[in-house]
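Geometric and topological summary
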Amino acid sequence: MIKNMYVSMKGMLERANQGNYAVMAINCFNIETTRACIEAAQSLRAPIIINIVQEHMVNHCDSDLIAPIVKKLANRASVEVALNFDHGQEVPLLKKALHDGYSSVMVDASRYDLEGNIKMTREIVEFAQEFDASVEGEIGCMGATEGEEFTSDQMKTNPQQALRFAQETGIDALAVSYGSSHGNYPEGYVPEFDFERLKEIKELTKMPLVLHGGSGSGDENILKSVKYGINKINVGCDFMNANTEAIKKHLAADPDINFWVMMHQVEKESQELVKHYIRLSGSEGKSL
């Protein structure tokens, strides 16, 4: 009997929560980036989450195109693969992604007040049940390195609100804010994480927690985040940067390199960054 490896995040994150490790979620946008992540995960026997952020899905690879590609690649693999709509901010797009075959969605309604966030997130949780898909929600806000609008203390997740949010929405995973920011940090900069806040949220909710903006956070912050309760780690910029640097290297060595040859080399080399994060997360060898 052939095992279905295209799954939701629910089971893999429940096991990560019980086993005190994290699953990597890497931002992809096409067949090459997706395949690189799945092959990296397979080489280390780790579950993997393919994240497609809303901007990329809308402007590059829509949900009814990318979902079948990821599903096909997943079922050719021997490790579990989830496809997650990352930072979905529009209800119609979130529902369409589920209709088109995404196995998971992340609702980003953090721009609303707590009541509005709960309402929108719960609507998607109820809708996702029809598709046996998992749902991630977010409480608190994430800053961005662009314009140096880093995450401030006022943006960080309130532990009591996190508990209420989790209880009233029925989400499978909770994204929390405790010091990371989206984007590339300035060279040499390492964010300061509020681990006491993270520990309190974990103790209250006891559920799978998610770190957004994992890129550039530093190995020590990642390791401590896993130790204190993070079960899913999102990485986008570091993976994109690894691809860009590989392209630069090959063009510098041979400006006339065949594009097809270069892309296959880049796909292979970018896997090393994914493997590094898998090892940090503790998910090596954890796939069923």
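Located above this text is the structure these notes cover.
First, a word on scope: everything that follows refers to the structure included in this document.

What counts as what
Residues numbered from 1 in each chain as written. Predicted model: local features only at pLDDT ≥ 70, side-chain atom pairs only at ≥ 80, totals over all residues. Heavy atoms only, no water. Helix = DSSP H or I, 4+ residues; strand = E, 2+ residues; numbered from the N terminus. Rg over C-alpha atoms; globule rule 2.2 N^0.38 Å. Buried < 20%, exposed > 50% of the residue type's maximum accessible area, 1.4 Å probe, protein only. Areas by Shrake-Rupley, 256 points an atom, 1.4 Å probe, with all protein chains shown as cover. Lys, Arg positive; Asp, Glu negative; His and termini not counted. Charge placed at Lys NZ, Arg CZ, Asp CG, Glu CD. Polar contact = N/O pair within 3.5 Å; in protein donor to acceptor, adjacent residues only side chain to side chain. Contact = heavy atoms within 4.5 Å. Core = buried A, V, L, I, M, F, W, Y, C linked by side-chain atoms within 4.5 Å. Expected span 1.5 Å × (residues − 1). Arc of directions from axis to C-beta. Pairing = 2+ DSSP bridges. Axes fitted to C-alpha atoms, helices over the stretch in contact; angles between N-to-C directions. 1 Å grid on protein atoms, 1.4 Å probe; cavity = no way out; pocket = protein on both sides within 12 Å on 5 of 7 lines; lining within 4 Å. Points joined across faces, edges and corners; volume = space filled by probe spheres on them. Nonpolar A, V, L, I, M, F, W, Y, C, P; charged D, E, K, R; others polar.

1. Here's the deal with the overall build of the protein chain
When its secondary structure is counted, the protein chain shows 12 helices and 10 strands. For 288 residues, the compact-globule formula gives about 19 Å, and the C-alpha radius of gyration of the protein chain, at 18 Å, lands near that figure. Overall, the C-alpha framework of the protein chain stretches about 55 × 50 × 35 Å when taken along its three principal axes. Per-residue burial for the protein chain yields a buried fraction of 54% across its 288 residues. Split by element, the accessible area of the protein chain, about 12,900 Å² in all, is 50% carbon and sulfur. On the protein chain, the mean spot of the 28 positive side-chain charges and the mean spot of the 41 negative ones are 7 Å from each other.

2. Thoughts on the side chain of Asp 172
Its place among the elements puts Asp 172 in the loop between α7 (159-169) and β7 (173-176). Within the local environment of Asp 172, its side chain forms a polar contact with the side chain of Lys 10, the two groups lying 3.1 Å apart. What Asp 172 contacts, discounting residues up to four positions off in sequence, is Lys 10, Ala 133, Ser 134, Val 135, Met 207 and Pro 208.

3. Details of the environment of Tyr 102
One can find Tyr 102 in the loop between α5 (91-99) and β4 (104-107). What makes Tyr 102 buried here is its relative accessible area of 2%. In sequence terms Tyr 102 and Phe 131 are 29 residues apart; their C-alpha atoms lie 9.0 Å from each other. Apart from the residues lying within four places of it in its own chain, the contact partners of Tyr 102 are Tyr 6, Ile 52, Met 57, Ser 63, Ile 66, Ala 67, Leu 83, Asn 84, Phe 85, Ala 97 and Ala 133.

4. Digging into unusual backbone geometry
In this structure, His 87 is a non-glycine residue whose phi angle is positive, near 55°. With respect to the secondary-structure elements, His 87 resides in strand β3 (residues 81-88). With relative accessibility at 11%, the residue His 87 sits in the buried group. We note that Lys 206 has phi near 55°; this positive angle belongs to a residue other than glycine. Take Lys 206: it is sitting in the loop between α8 (195-205) and β9 (209-211).

5. Re the nonpolar core
Soluble globular proteins tend to pack their nonpolar side chains together in the buried interior. By size, the foremost hydrophobic cluster in this structure holds 69 residues, and its most contacted members are Ile 50, Tyr 102, Leu 174 and Ile 233. When residues in this core are grouped by element, the largest group, seven residues, is from helix α6 (residues 114-128). Those residues in contact with Ile 50 that sit more than four places away from it in its chain are Ile 26, Cys 28, Thr 34, Cys 37, Ile 38, Val 70, Val 81, Ala 82, Leu 83 and Asn 84. Counting 13 residues, the second-largest nonpolar core is a separate cluster that includes Met 9, Leu 13, Ala 16 and Val 210.

6. As for helix α4 (residues 63-76)
Here α4 spans 20 Å end to end across 14 residues, near enough to the 20 Å set by a 1.5 Å rise per residue. Here α4 has its buried residues at Ser 63, Ile 66, Ala 67, Val 70, Leu 73 and Ala 74. Considered in projection along α4, the buried side chains sweep an arc of 135° and stay on one side of the axis. Facing away from the buried side of α4 by more than 90 degrees, the exposed set consists of Lys 72 and Arg 76. Buried residues belonging to α4 abut α2 (31-43), β2 (48-53), α3 (54-59), β3 and α5.

7. Observations regarding the sheet that holds strand β10 (residues 230-235)
Taken in spatial order, the eight strands line up as β1-β2-β3-β4-β5-β7-β9-β10 and close into a barrel, and their pairing is parallel. Adjacent strand axes in the sheet meet at a mean angle of 25°, parallel and antiparallel pairs treated alike. Alignment of β9 against β10, held across three bridges, turns out to be parallel. Of the residues in β10, the one forming a bridge with Leu 209 is Ile 230.

8. Quick word on the layout of surface pockets
Gaps left between atoms show up when a probe the size of a water molecule is rolled over them. Estimated volume of the largest pocket: approximately 780 Å³. Every element with two or more residues in the lining of the largest pocket is listed here: α3, β3, β6 (143-144), β8 (181-182), β10 and α10 (237-253). Sorting elements by how many residues they give to the lining of the largest pocket places α3 first, with three residues. Of the residues contributing to the lining of the largest pocket, the split by class is six nonpolar, 18 polar and six charged. Looking at the second largest pocket, its volume works out to about 200 Å³. In terms of lining, the second largest pocket is formed by Asn 4, Tyr 6, Val 7, Ser 8, Lys 71, Leu 98, Gly 101, Tyr 102, Ser 103, Phe 131, Asp 132 and Ala 133. For the lining of the second largest pocket, the per-class residue count stands at six nonpolar, four polar and two charged.

9. Describing the environment of Gly 11
Within the secondary structure, Gly 11 sits in helix α1 (residues 9-19). Classification of Gly 11 by relative accessible area gives partly exposed; the value is 31%. Taking the C-alpha atoms as reference points, Gly 11 and His 87, 76 residues apart in sequence, are found 21 Å from one another.

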